[in-house]
Amino acid sequence: GAQDDMKSLMQAFTLFSIGALPSAMASGVSQALSSLVPNNLNDGDLSLVYLINCGIGVVGLLLFGFVWKSAPQRLRTVQKVAESDSDDNPSERSDEGSSELSSDEHARQS
């Protein structure tokens, strides 16, 4: 994970990239294609608008694949490492049946 002093910065960046960037990009695409979408939709060329939006999605998918392939191997296997660490360390596992009292606790309560 991140260092403690970086966690708030990373949280802020995550919230910005999840909340503000998609809205800004959608607004920019909408403004760029506004000439193709008139008030009367029968007069517009909506198939071209859908084609452009699909193209933007494909470019985004290709960019994601490129970034994923160029990422170091250690970043791509974080989940597998985390799962194997929790298997090796029983203190990190949730105690199943933790609501049940041990025999010593039963004796103390009686």
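Just above sits the structure.
Caption draft 1: Summary view of a nonpolar patch on the surface. On the surface, Leu48, Leu51, Ile52 and Ile56 cluster together to form a nonpolar patch covering roughly 320 Å² of accessible area. Counting through the fold element by element, Ile56 comes out in helix α2 (residues 46-70).

Caption draft 2: Layout of the packing of aromatic side chains. Within this structure, the stated rule accounts for one aromatic pair. Taking the centre distance of 6.4 Å and the plane angle of 20° together, the rings of Phe64 and Trp68 count as stacked. A residue pair is termed a helical-turn pair when its members lie 3 or 4 positions apart in one helix, as Phe64 and Trp68 do in helix α2 at four residues.

Caption draft 3: Quick peek at the environment of Leu46. Note on placement: Leu46 falls in helix α2. Look at Leu46 and you get partly exposed, because its relative accessible area is 27%. With ten residues separating them in the primary sequence, Leu46 and Leu36 have C-alpha atoms 7.0 Å apart. Other than its neighbours up to four places away in sequence, Leu46 contacts Val37 and Leu41.

About the cut-offs
Residues numbered from 1 in each chain as written. Predicted model: local features only at pLDDT ≥ 70, side-chain atom pairs only at ≥ 80, totals over all residues. Heavy atoms only, no water. Patch = residues over 30% accessible without salt bridge, like charges linked within 9 Å, V, L, I, M, F, W, Y side chains within 5 Å. Areas by Shrake-Rupley, 256 points an atom, 1.4 Å probe, with all protein chains shown as cover. Salt bridge = Lys/Arg side-chain N within 4 Å of Asp/Glu carboxyl O. Helix = DSSP H or I, 4+ residues; strand = E, 2+ residues; numbered from the N terminus. Phe/Tyr/Trp six-rings, centres within 6.5 Å; stacked < 30°, edge-to-face > 60°. Buried < 20%, exposed > 50% of the residue type's maximum accessible area, 1.4 Å probe, protein only. Contact = heavy atoms within 4.5 Å.

All quantities given are derived from atomic positions and should not be read as evidence of function.
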